[in-house]
Structures are given as C-alpha cells and as structure tokens.
Amino acid sequence: MKDLDDKDRAILSILTRDAKIPLKTLAGRIGLSRSATSERVLMLERAGIIRGYRADVGTLEDGTVGAFLMINLVRTPAPRVLDQLAAYPEVRRVSSIGGQLDLVVEVEAPSIGRLNTIRDSVALLEEVDDLTTAIVLRRDIDRTG
C-alpha cells in the first residue's frame, strides 16, 4: 500500500467520528468525487487500515461492572484475539500498548458473571499467554463522553 496522503488521513479522521456518514457527504468533505472516495475507502479496507465499522454504545451506568483486561500475548500481532474481543458488545475499547503488556481491554458488563464469561473465553485463546483483570471501583475523571 502506498503511503497515506492528506485525503486518506481526512477520510480516516471523519470515519473515526462518524462511521455511518454517507459516501456522498464524505466525498464532499474531503473534496473528491464519490467514486474516487469510494476507491480510497476500499483501498484502506483492503490494506487493513480500516478493520471494521461498529457502534459505540452507552456509558458506564449503575448496575454495570467496569473492568480492564490486561493481556500478554504469545506473539503479536494477534488478529484472532482482536476478532474475538470485537465480537463482544461489552468490549468498549482495545488498546495495543508498549511495555510489559500487549493489550488493555476496557469492558462494561451487566454482571460479574458476564464479565467472567468474556474473560474466560479470551483467556482460553491459544494466542493469549496471560490475562489479568482489574475491576473499576469508581471513575474519578471521565472525559470520554
């Protein structure tokens, strides 16, 4: 894949904020034709830069259990682990990080039982070397929404 240019970065920026934007509107915002924009989006998808489109649903409410799953992988990248995590609507954010951990996964589950189900299924993946869970007791500062 060629290096990303300003138009590609603009597409990614817009889609990150509004994945449901109509192609015609996206094209207008970046100053390209609809077909040229469609071609660029398809190229970004095929290159794996755009890996999917999803809804970002809800916030931590009373009656939910927030947790961070801290994962060490056998090796990176581990797309099967990301696919498994993406399959759970309770997974709110997955971050690849440097240092002793490979992934930090933010989860908001309706119960401890559901959190355990998610945790156990991820821990059993052969690509996962170790998984530690930290329960959120309280959000002291939350600027995400």
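Report follows, based on the coordinates.

Conventions and cut-offs
Residues numbered from 1 in each chain as written. Predicted model: local features only at pLDDT ≥ 70, side-chain atom pairs only at ≥ 80, totals over all residues. Heavy atoms only, no water. Salt bridge = Lys/Arg side-chain N within 4 Å of Asp/Glu carboxyl O. Helix = DSSP H or I, 4+ residues; strand = E, 2+ residues; numbered from the N terminus. Buried < 20%, exposed > 50% of the residue type's maximum accessible area, 1.4 Å probe, protein only.

Inspection of every chain in the model, using the stated rule, returns eight salt bridges. Here R40 makes a salt bridge to D8, at a shortest N to O gap of 2.9 Å. Highlighted residues: R40 in helix α3 (residues 34-46) and D8 in helix α1 (residues 6-17), separated in sequence by 32 residues. Note on D8: relative accessible area 0%, which makes it buried. Here R92 and E108 are joined by a salt bridge, their closest N and O atoms 3.2 Å apart. Linking R92 in strand β2 (residues 91-96) with E108 in strand β3 (residues 103-109), this pair joins segments that are 16 residues apart in sequence. On the basis of relative accessible area, R92 is assigned to the partly exposed category, the value being 29%. In the salt-bridge network here, residues are joined through shared partners; they are D5, D8 and R40.

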